[in-house]
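In case you want the letters, here they are:
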Amino acid sequence: MTRRVRIGLFLPALAGFGALLVWAYTGIPSFGDYQGPYGFVLEKISAPLRHMDNVVNATTYDIRGIDTMGEEFILFAAVIGVVLLLRDDAGRSQDVEDDIGSDVVRVFGTLAIGAAILVGLWLVANGFVTPGGGFQGGVAIASGGLLLYLVAGYREWSAFGNETVLDPIKAIGAGGYVVIGLAALVGGLPFLTNFFGGGDIGTVWSGGSAGFVNWSAGIEVAAANVLLFSEFLEEYIVPIARGS
Amino acid sequence: MTLATLLPVQSVALALVALGAPAVVLSRDPLKMIVVNGFYGLTLVLLFVIYGAPDVGLSMLVVGTVAYPLVVLVAIARVRAPKDGEEDEK
């Protein structure tokens, strides 16, 4: 296909999609123009009933906690799928020589590991107070782990970035979510009912049993992402570092 | 929303996104593209935060600057240094 033909195909497509985009934009409601009742109800009830300032996480981990449980198991199943596809029967490679030479990378990278993990823990802990929560905090913690590979090399990474360590943590996170839901059932309440009472609003102790749901999601997401990074590194980076 | 109701800070955020997107597309070298895409992701984070959606901003931050670059990087590493017998895999 020549450049001329490509441009001949591209320009009408651009014009068509551009016209559709402009047409779509002329019909959208103006910013902040929200009609539905559900959001207003949540805004009114999440602080007095649940003692949660962050309405988003009051929705995801408490009022619609069962949806989030489904999402958590989507991630769980997806990561298991990746691990099964990329599993290497030859075992872990301990002989990879990819030492980091730069002192600047080592120093600032090591500081960044601590900062990333601290920010991640902070995001999970304050999930019902400020924006954040288990999912975002979990990925932040996992990114701190990934920095270890960048700073120290594969050998240091593989000491904790392997299935033996991470599988139980991931399972505890995913299973803990269900166990908290079942605990409500045992107490005679509907599945995943928030049964501890609200706790102190505006502190890390707010949220009741949904706080544990939030933490279990954080643990699961962090472990799942480290495992995911680990499988990618094992599959793609190690053969290159070995020079094969 | 009309242009008259746009706050200056919102205009700046929108302009950065509008500049960032073509910058990603116009980067020809994949490695440079990852870096540029990271900055583009940060402009989107800024946009989400300014428009009052910090939760979405946080998600964008972790996906755009950690998960997505890693996946693209390993894909590039794979293509540039194929294993034995996989030279035709591109």
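Peer 1: Explain the overall build of chain A to me, using residue names and the numbers behind them.
Peer 2: When you go through chain A residue by residue, the secondary structure sums to 9 helices and 0 strands. For chain A, the succession of helices and strands along the chain, N to C, is α-α-α-α-α-α-α-α-α. Taken along the three principal axes of its C-alpha coordinates, chain A extends 60 × 55 × 35 Å. Per-residue burial for chain A yields a buried fraction of 37% across its 244 residues. In chain A, the proportion of contacts linking residues at least 24 apart, taken out of those at least 6 apart, comes to 72%.

Peer 1: Describe the overall build of chain B, with residues and values.
Peer 2: Each helix and strand counted, chain B has 3 helices and 0 strands in total. Secondary structure elements in chain B, listed N-terminal to C-terminal, are α-α-α. Residues classed as buried in chain B amount to 17% of the 90 residues present. Sequence separation of at least 24 residues holds for 44% of the intrachain contacts in chain B that already meet a minimum separation of 6.

Peer 1: Just give me the short version of the nonpolar core, but keep the residues and values in it.
Peer 2: Grouped together as the largest cluster of nonpolar side chains are 53 residues, with contacts concentrated most on Ala224(A) and Leu233(A). Of all elements in the fold, only helix H4 (65-86), helix H5 (103-125), helix H6 (134-152), helix H7 (154-160), helix H8 (163-186) and helix H9 (209-242) of chain A together with helix H2 (30-50) and helix H3 (54-80) of chain B reach the threshold of two or more residues within this core. Broken down by element, the residue count for this core peaks at 17 residues, all from H9(A). Residue contacts for Leu233(A): discarding those within four places in its chain leaves Tyr149(A), Tyr154(A), Trp157(A) and Val238(A).

Peer 1: Can you lay out the packing of H4(A) against H8(A) for me, pointing to particular residues and giving the numbers?
Peer 2: Residues and elements named next belong to chain A. At a minimum axis separation of 11 Å, H4 and H8 run at an interaxial angle of 160°. By the angle between their directions, the pair H4 and H8 is classed as roughly antiparallel. Classified by chirality, the crossing of H8 by H4 is left-handed. Across from Met69, Glu72, Phe73, Phe76 and Val83 in H4, the residues of H8 making contact are Glu163, Ala174, Tyr177, Val178 and Gly181. Split into classes, the residues belonging to the contact of H4 with H8 amount to 7 nonpolar, 1 polar and 2 charged.

Peer 1: I'd love a proper account of H6(A), names of residues and values included.
Peer 2: With 19 residues, H6(A) extends 27 Å from end C-alpha to end C-alpha; this agrees with the ideal 27 Å at 1.5 Å per step. A positive backbone phi angle near 110° is found at Gly153(A), which sits one or two residues after H6(A).

Peer 1: Describe unusual backbone geometry, with residues and values.
Peer 2: All names here are of chain A. Positive phi is not limited to glycine here, since His51 has a value of about 60°. Residue classification places His51 among the buried positions, given that 22 C-beta atoms sit within 10 Å. Phi angles above zero are rare outside glycine, and Leu192 is one such case at about 65°. Among the structural elements, Leu192 can be located in the loop between H8 and H9. Owing to 25 C-beta atoms within 10 Å, Leu192 belongs among the buried residues under this scheme.

Peer 1: I'd like a description of the confidence of the model for chain B, backed by residues and values.
Peer 2: Residues and elements named next belong to chain B. Predicted confidence across chain B gives a mean pLDDT of 81, with 81% of residues reaching 70 or more. Every residue in residues 83-90 scores below 50 in pLDDT, and together they form 6 contacts with partners more than four places removed in sequence or on other chains. Interface scoring of the predicted complex returns ipTM 0.74; its pTM is 0.82.

Peer 1: Before we move on, can you summarise the environment of Val36(B) with the specific residues and values?
Peer 2: All names here are of chain B. Assignment of secondary structure puts Val36 in helix H2. Judged by the 17 C-beta atoms lying within 10 Å of it, Val36 is partly exposed. Separated by 22 residues in the primary sequence, Val36 and Leu58 place their C-alpha atoms 19 Å from one another. Beyond its immediate chain neighbours, meaning those up to four positions away, Val36 contacts Ala23, Val24 and Ser27.

Peer 1: Run through the packing of H5(A) against H6(A), naming residues and quoting values.
Peer 2: For any two helices packed against each other, one specifies the crossing angle of their axes together with the interaxial distance. All names here are of chain A. At a closest axis distance of 7 Å, the pairing of H5 and H6 adopts a crossing angle of 165°. Taken together, the axes of H5 and H6 lie roughly antiparallel to each other. The interaxial crossing formed by H5 with H6 has left-handed handedness. Looking at the contact of H5 with H6 residue by residue, the classes come out as 15 nonpolar, 9 polar and 1 charged.

Peer 1: Summarise the environment of Val204(A); cite the residues concerned and give the values.
Peer 2: All names here are of chain A. Inspection of the secondary structure puts Val204 in the loop between H8 and H9. The partly exposed category is assigned to Val204, around which 15 C-beta atoms lie within 10 Å. When residues no more than four places from it in sequence are discounted, the contact partners of Val204 are Ala125 and Asn126.

Definitions and limits used
Residues numbered from 1 in each chain as written. Chains lettered and ligands numbered in written order. Predicted model: local features only at pLDDT ≥ 70, side-chain atom pairs only at ≥ 80, totals over all residues. Helix = DSSP H or I, 4+ residues; strand = E, 2+ residues; numbered from the N terminus. Buried ≥ 20, exposed ≤ 12 C-beta atoms within 10 Å, placed from the backbone. Contact = placed C-beta atoms within 7 Å. Core = buried A, V, L, I, M, F, W, Y, C linked by C-beta atoms within 7 Å. Axes fitted to C-alpha atoms, helices over the stretch in contact; angles between N-to-C directions. Parallel < 35°, antiparallel > 145°, perpendicular 65-115°, else oblique. Left-handed = near helix turned anticlockwise from the far one by under 90°. Nonpolar A, V, L, I, M, F, W, Y, C, P; charged D, E, K, R; others polar. Expected span 1.5 Å × (residues − 1). pLDDT = per-residue confidence, 0-100.

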